[in-house]
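Secondary and tertiary structure notes
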Amino acid sequence: TNFYVAHVGPRYKAIGFELQYGLGDDDNDPDYVETDQYYGAFVVPTGTVRNIVEIAFPISYTRMTLKQGDLEDDFEGGAYGVNLQLPLKRVSESLPDLRIVAGAMVYQQNVNSRIYGWHAGLRYDFKI
């Protein structure tokens, strides 16, 4: 299943707090499992390797609804993952405060199932 996730939250030095909300893309294929809705509250410890790459470890409680045809089921529980982030400002101070991000997440896990995935994207940091 493919879905799109928005992250929002503050970061204090080496730890961040995020709320995430996601929606899946609609597909009329009856064999396709769709993420109808996803949300989570994360604590995100972050470290820096050689003052270039940031490594973040999101840990949370998540809830998601998956659909396949007329079937629908809710999943909730602990989630964890790892993100590698390359801040473009580390390459040149003249670049905007963007980060190239890639990583993996286990969105839900219990005795009977595990929902996991890979992700990539851009992150923009700003100050209020």
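Note: the structure precedes this text.
Overview of the structure. (Residues numbered from 1 in each chain as written. Predicted model: local features only at pLDDT ≥ 70, side-chain atom pairs only at ≥ 80, totals over all residues. Heavy atoms only, no water.)

1. Regarding the overall build of the protein
- Regarding its fold elements, the protein presents 0 helices and 9 strands.
- Counting helices and strands in the order they occur from the N terminus, the protein gives β-β-β-β-β-β-β-β-β.
- Along the longest, intermediate and shortest principal axes, the C-alpha atoms of the protein span 50 × 30 × 25 Å.
- The 128 residues of the protein split such that 30% are buried.
- A fraction of 41% describes how many contacts in the protein between residues 6 or more apart in sequence connect residues 24 or more apart.
- When the accessible surface of the protein is summed, it comes to about 8,700 Å², and 58% of that surface belongs to carbon and sulfur atoms.
- Between the mean site of the 11 positive side-chain charges and the mean site of the 17 negative ones, the protein shows a separation of 19 Å. (Helix = DSSP H or I, 4+ residues; strand = E, 2+ residues; numbered from the N terminus. Buried < 20%, exposed > 50% of the residue type's maximum accessible area, 1.4 Å probe, protein only. Contact = heavy atoms within 4.5 Å. Areas by Shrake-Rupley, 256 points an atom, 1.4 Å probe, with all protein chains shown as cover. Lys, Arg positive; Asp, Glu negative; His and termini not counted. Charge placed at Lys NZ, Arg CZ, Asp CG, Glu CD.)

2. Describing the side chain of E18
- For E18, the location among the structural elements is in strand β3 (residues 15–24).
- Buried and unpaired, E18 has no salt bridge, with R123 as the nearest side chain of opposite charge at 5.3 Å.
- Among the polar contacts made by the side chain of E18, one reaches the side chain of H7 at a distance of 2.9 Å.
- Only 3.0 Å separates the side chain of E18 from the side chain of Q20, close enough to count as a polar contact. (Salt bridge = Lys/Arg side-chain N within 4 Å of Asp/Glu carboxyl O. Polar contact = N/O pair within 3.5 Å; in protein donor to acceptor, adjacent residues only side chain to side chain.)

3. A word on the packing of aromatic side chains
- Overall, the coordinates contain 2 aromatic pairs when judged by the stated rule.
- Seen in terms of ring centroids, Y38 and Y107 are 5.4 Å apart; in terms of plane orientation they differ by 85 degrees. Their pairing is edge-to-face. Of the two residues, Y38 sits in strand β4 (residues 34–49) while Y107 sits in strand β8 (residues 98–109), which places them 69 residues apart along the sequence. Grouping residues by exposure puts Y38 and Y107 together as buried. (Phe/Tyr/Trp six-rings, centres within 6.5 Å; stacked < 30°, edge-to-face > 60°.)

The analysis is restricted to geometry; functional conclusions fall outside its scope.
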